[in-house]
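# Descriptive analysis of the structure
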Amino acid sequence: MKTPSLLSLLSFVHFALAFKLKESVIPPHNWEKHSAPPSDHKIVLRIGLPQPNFNVLENHLFEVSDPYHPRYGAHLSKQEVEAIVAPHQDSVSTVNDWLISHGVQQQDINRSSAGDWLTITLPVHLVEKMLDTKYYVWKHSDGDSIVRTTSYSLPEHLDGHIDVIQPTTMFGRPRGMRSTIIWSEEAKALPSEKNLAPIVNAATGTLVDASCNTTITVKCLQQLYNAVGLTSSAHGNSIGITGYLEEFANFQDLRSFYTEQVPRAVNSSFSVISINNGTNNQTLSAAGAEANLDVQFAFGLSDPVPVTQFTFPLSIICSNKPREPSTPQEGALRTSLILALPPIRTKTPIVMGTSSIMLMGITSVTSVGGTQGVPEIAVSRFFSGGGFSDYFDRPSYQDTAVKGYLDKLPKGLYKGLYNPGGRGIPDVAAQGDRFRIWLAGVPRSIGGTSASSPTFAGLVAVLNNALLKEGRAPLGFLNPLLYSKGLPGLNDITVGHNPGCGTNGFNVTAGWDPVTGLGTPNVGKLKEILCK
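Residues numbered from 1 in each chain as written. Predicted model: local features only at pLDDT ≥ 70, side-chain atom pairs only at ≥ 80, totals over all residues. Heavy atoms only, no water.

### A few points about the overall build of the protein
Rule in force here: Per the convention used, a helix needs a DSSP run of H or I reaching at least four residues, while a strand needs a run of E reaching at least two, with both numbered from the N terminus. A simple rule labels every residue: compare its accessible area, found with a 1.4 Å probe on the protein chains alone, to the largest value its type can have, and call it buried under 20%, exposed over 50%, or partly exposed in between. Note on areas: Shrake-Rupley with a 1.4 Å probe; residue coverage comes only from the protein chains shown.
Looking only at helices and strands, the protein features 14 helices and 28 strands. Here the protein holds 532 residues, and the buried ones make up 55% of them. Entry remark: accessible area of the protein is about 23000 Å², with carbon and sulfur atoms responsible for 54%.

### Quick look at the pattern of salt bridges
Put simply, the rule is: Salt bridges are defined by distance alone: a side-chain nitrogen of Lys or Arg within 4 Å of a carboxyl oxygen of Asp or Glu.
Within the structure shown, the criterion is met by 12 salt bridges. Two residues, Asp 209 and Lys 219, come together in a salt bridge whose shortest N-O distance is 3.7 Å. Placement of the pair is Asp 209 in the loop between strand S12 (206-208) and helix H6 (218-224) and Lys 219 in helix H6, with a sequence separation of 10 residues.

### Topic: the sheet that holds strand S14 (residues 271-274)
Stated formally: Note: two strands are recorded as paired if DSSP finds a minimum of 2 bridges between them. Simply put, an axis is a line fit to the C-alpha atoms, just over the touching stretch for a helix, and the angle between two N-to-C directions goes from 0 to 180 degrees.
Taking strand neighbours across the sheet as the criterion, the three strands line up as S13-S15-S14 in an open arrangement whose pairing is parallel. Of all the strands in the sheet, just strand S13 (239-243) and S14 have a single pairing partner and so form its edges. Each strand of the sheet is rotated relative to its neighbour by a mean of 25 degrees, with strand direction disregarded. Bridge analysis of S14 against strand S15 (residues 307-311) gives four bridges, and the strand direction is parallel. Within S15, the position partnered with Ile 273 by the bridge is Phe 310.

### Overview of the sheet that holds strand S3 (residues 42-48)
So the rule is basically this: For this analysis, residues touch if any pair of their heavy atoms sits within 4.5 Å.
Taken together, the four strands give an open sheet; going across it, the order is S4-S5-S3-S9, and neighbouring strands pair in antiparallel fashion. The sheet terminates laterally at strand S4 (110-111) and strand S9 (164-166), the two strands that pair on one side only. Two strands pair when backbone bridges link them, and S4 and strand S5 (residues 117-123) are joined in this way by two bridges, in the antiparallel orientation. Within S5, the position partnered with Arg 111 by the bridge is Leu 118. Taken strand by strand, helix H4 (residues 89-101) contacts S3, S4, S5 and S9, and its axis lies near 10 degrees from that of S5.

### Details of the side chain of Asn 292
Tracing the chain through its elements places Asn 292 in helix H8 (residues 289-302). On the basis of relative accessible area, Asn 292 is assigned to the buried category, the value being 1%. The contacts of Asn 292, once residues within four sequence positions are left out, are Phe 248, Ala 249, Asn 250, Asp 253, Ala 287, Ile 437, Trp 438 and Leu 439.

### Remarks on the packing of aromatic side chains
Condition: Here is the rule: rings of Phe, Tyr and Trp (six-membered ring for Trp) pair when centre to centre is within 6.5 Å. Planes less than 30 degrees apart are stacked, more than 60 are edge-to-face, and the remainder are tilted. A ring has a charge above it when a Lys NZ or an Arg CZ is no more than 6 Å from the ring centre and no more than 35 degrees off the ring normal.
All chains considered together, the criterion is met by 18 aromatic pairs. Relative to Tyr 483, the ring of Tyr 397 has its centre 5.3 Å away and its plane inclined at 45 degrees; by these criteria the two rings are tilted. Of this pair, Tyr 397 sits in the loop between strand S20 (387-393) and helix H11 (399-408) while Tyr 483 sits in the loop between helix H13 (479-482) and strand S25 (490-491), and the two are 86 residues apart along the sequence. Between the aromatic rings of Tyr 405 and Phe 506, the centroid separation amounts to 6.4 Å while the plane-to-plane angle is 70 degrees, which identifies the pairing as edge-to-face. You can see Tyr 405 sitting in helix H11 and its partner Phe 506 sitting in strand S27 (residues 503-507), a full 101 residues away along the chain. Like Phe 506, Tyr 405 is buried. Of note, Lys 33 hangs over the ring of Tyr 136, and the distance from its end group to the ring centre comes to 4.5 Å. Seen from the ring of Trp 117, Arg 46 lies directly overhead, with NZ or CZ sitting 4.3 Å from the centre.

### Topic: the state of the cysteines
In protein chemistry, a disulfide is the covalent bond that joins the sulfur atoms of two cysteines. Put simply, the rule is: Disulfides are defined as pairs of cysteine sulfur atoms found within 2.5 Å of each other.
Per the counting criterion, the structure on display carries one disulfide. Here Cys 212 engages in a disulfide with Cys 220; their sulfurs sit 2.0 Å apart. Between Cys 212 and Cys 220, the S-S dihedral sits near -90 degrees, and the bridge is therefore left-handed.

### Some thoughts on the packing of H8 against helix H12 (residues 449-469)
Put simply, the rule is: Our angle categories are set so that under 35 degrees counts as roughly parallel, over 145 as roughly antiparallel, 65 to 115 as roughly perpendicular, and the remainder as oblique. Should the near helix be turned anticlockwise from the far one by less than a right angle, the crossing is termed left-handed; should it be turned clockwise, right-handed.
Packing of H8 against H12 brings their axes to within 8 Å, and their N-to-C directions diverge by 25 degrees. Comparing their axes, H12 and H8 come out roughly parallel. Handedness of the crossing formed by H8 with H12: right-handed. When H8 is examined against H12, the residues Glu 290, Leu 293, Asp 294, Ala 298, Leu 301 and Ser 302 are found in contact with a partner set consisting of Ser 450, Ala 451, Pro 454, Thr 455, Gly 458, Leu 459, Ala 461 and Val 462.

### Re the environment of Asn 507
Stated precisely, the cut-off is as follows: Throughout this description, a polar contact denotes any pair of N or O atoms lying within 3.5 Å of each other; where both atoms belong to protein, one of them has to be capable of donating a hydrogen while the other can accept it, and for residues adjacent in sequence the pair is counted only when both atoms sit in side chains.
By the secondary structure assignment, Asn 507 is in strand S27. Measuring from C-alpha to C-alpha, the distance between Asn 507 and His 497 comes to 4.2 Å, with 10 residues separating the pair along the chain. Once you skip the residues sitting within four places of it in the chain, Asn 507 turns out to touch Tyr 405, Leu 409, Gly 496, His 497, Asp 513, Pro 514 and Val 515. A distance of 3.0 Å separates the side chain of Asn 507 from the side chain of Tyr 405, its partner in a polar contact.

### Remarks on the confidence of the model for the protein
Should the pLDDT be low somewhere, the predicted coordinates at that spot are not to be read in detail. For the record, the criterion: A residue's pLDDT is the confidence the predictor assigns to it, expressed on a 0 to 100 scale.
Confidence along the protein averages 84 in pLDDT terms, with 82% of residues attaining 70 or more. Overall, residues 314-328 carries pLDDT values under 50, and its contacts beyond four positions in sequence, including any with other chains, amount to 75 contacts. Across residues 352-360, confidence stays below pLDDT 50; counting only partners more than four residues off in sequence or on other chains, it has 50 contacts.

### Brief notes about the environment of Gly 517
Residue position: Gly 517 is located in the loop between S27 and strand S28 (520-521). Between the C-alpha atoms of Gly 517 and Asp 427, which are 90 residues apart in sequence, the distance is 4.4 Å. When residues no more than four places from it in sequence are discounted, the contact partners of Gly 517 are Pro 426, Asp 427, Val 428, Gly 511 and Trp 512.

### A closer look at helix H7 (residues 251-261)
Put simply, the rule is: An arc is given here, and it is the one of the directions from the helix axis to the C-beta atoms.
Of the residues making up H7, those classed as buried are Asp 253, Leu 254, Phe 257, Tyr 258 and Gln 261. Along the long axis of H7, the arc covered by the buried residues comes to 135 degrees, so they all point the same way. Where H7 is buried, its residues contact H6, H8 and strand S23 (435-439). Where H7 starts, the residue carrying a side-chain oxygen 2.9 Å from the main-chain nitrogen of Gln 252 turns out to be Asn 250.

### Re the nonpolar core
To keep it simple, the criterion reads: We call a set of buried Ala, Val, Leu, Ile, Met, Phe, Trp, Tyr and Cys residues a nonpolar core when their side-chain atoms join them within 4.5 Å.
One finds Ile 239, Phe 257, Phe 297, Phe 299 and Leu 475 to be the most contacted residues of the largest nonpolar core, which totals 76 residues. In terms of residue count, H12 provides more of this core than any other element does, 10 residues in total. Not counting residues within four places of it along the chain, the set of residues in contact with Phe 297 comprises Ile 216, Thr 217, Val 218, Leu 221, Phe 257, Gln 261, Phe 435, Arg 436 and Ile 437. Of all hydrophobic cores here, the second largest spans 26 residues; its members include Ile 43, Val 95, Val 127 and Leu 154.

So, in structure tokens, the structure goes:
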């Protein structure tokens, strides 16, 4: 038997030091604590290490995204990004020693390519010991249950070496917050266009089929947003959609959609990449409304660009989303760091708009609100989504636009009901209601800002096509462009409001507003601006 070395004894004393509270939350509404989980219940623990140079990455992001900066479009490589976000070696070593002291073997730790995330599967009794906490089974009023705690601590010597550990205090669920799809009546045959006079879209000067006031198709969106005849065939162009929460995009439904609305694409499909054992159920009855909507319209607008859906086991367009109140602030901030990575590498993260959505508040994504009708007004059958983040401060690129809106509000209006210094939501908008999709073999009419997001993403792919054809870099993070040089390429929406908290909510007005953002895209005009 080995005699314990002085080093191991010192290590034991070191790790027996006092714990320091890392986070404590009040259980969210509708959750009730039940029994303790079995001691051998497995928890997939994710540990986020600090990224001390993240401010450097953020500076890179805003420089390469600012159309007036000399580095505009000079996106970083994957290796360059990972070198910047890598944690300090002291943090890596200290956390490694802590894990080893609890019997965790190095081969059991899955590390991200940058080394900033560690993933380990451990029994709950060991996690409780490591975090000086107690997990319980929590049940939601709708029947869902999860294993969580309301507080956890870390040994004092780990202070500053760990940003976040989950699952601990985050009560966001893979179920229960599915989609925000709003169903219309069962879709019938496409309305005839022969006897309906076209509408002149005053915002773009283009003709729009009158039927677009009752049914939105790919053709309607191309007409509305001045994208008729523009395609996305340039080499190097691509578009990706995330698939969460057992929402499956169905190949057969896509063929039916293409047959009806995009005949030239009828023999094409999309690739599926599974992330962490995400599934791809192609049974027609398992087709998901939100997944089908995302794929059919984003891919229909961007055809023939190569397209990919990334499937995740539980929960680049994000249409299913956690809300700020159910997401601990440390988790929200860490998510903001993750979502800053794609746009600095020519990816454009676009998320849908629904009130108080944590993802929308992140400053490195483009959030999309909803409109309806011709001429366009804010969507009224459901919330467009909008307001001001409680977690994220207003970014500098929004200062002029958002301050301009706040200055117009009557003094004291809604005081205490929103954070005037928070990041304004949304950035832009697009049509969001009465979209004609195919679902489980039949046409359906649905709406939601889940429709606005793939619409905007598909049109961004069209713009990237124009840039790539001229040998220019594709778009990455859009917002600094949209709030400055790109502003003339957006159609301002001036009618509508966004009710909430027992009030009529924020109103739509000239310029930016927290209902439709800066407005909807004029693709032809944006193309001119970008290709000058």
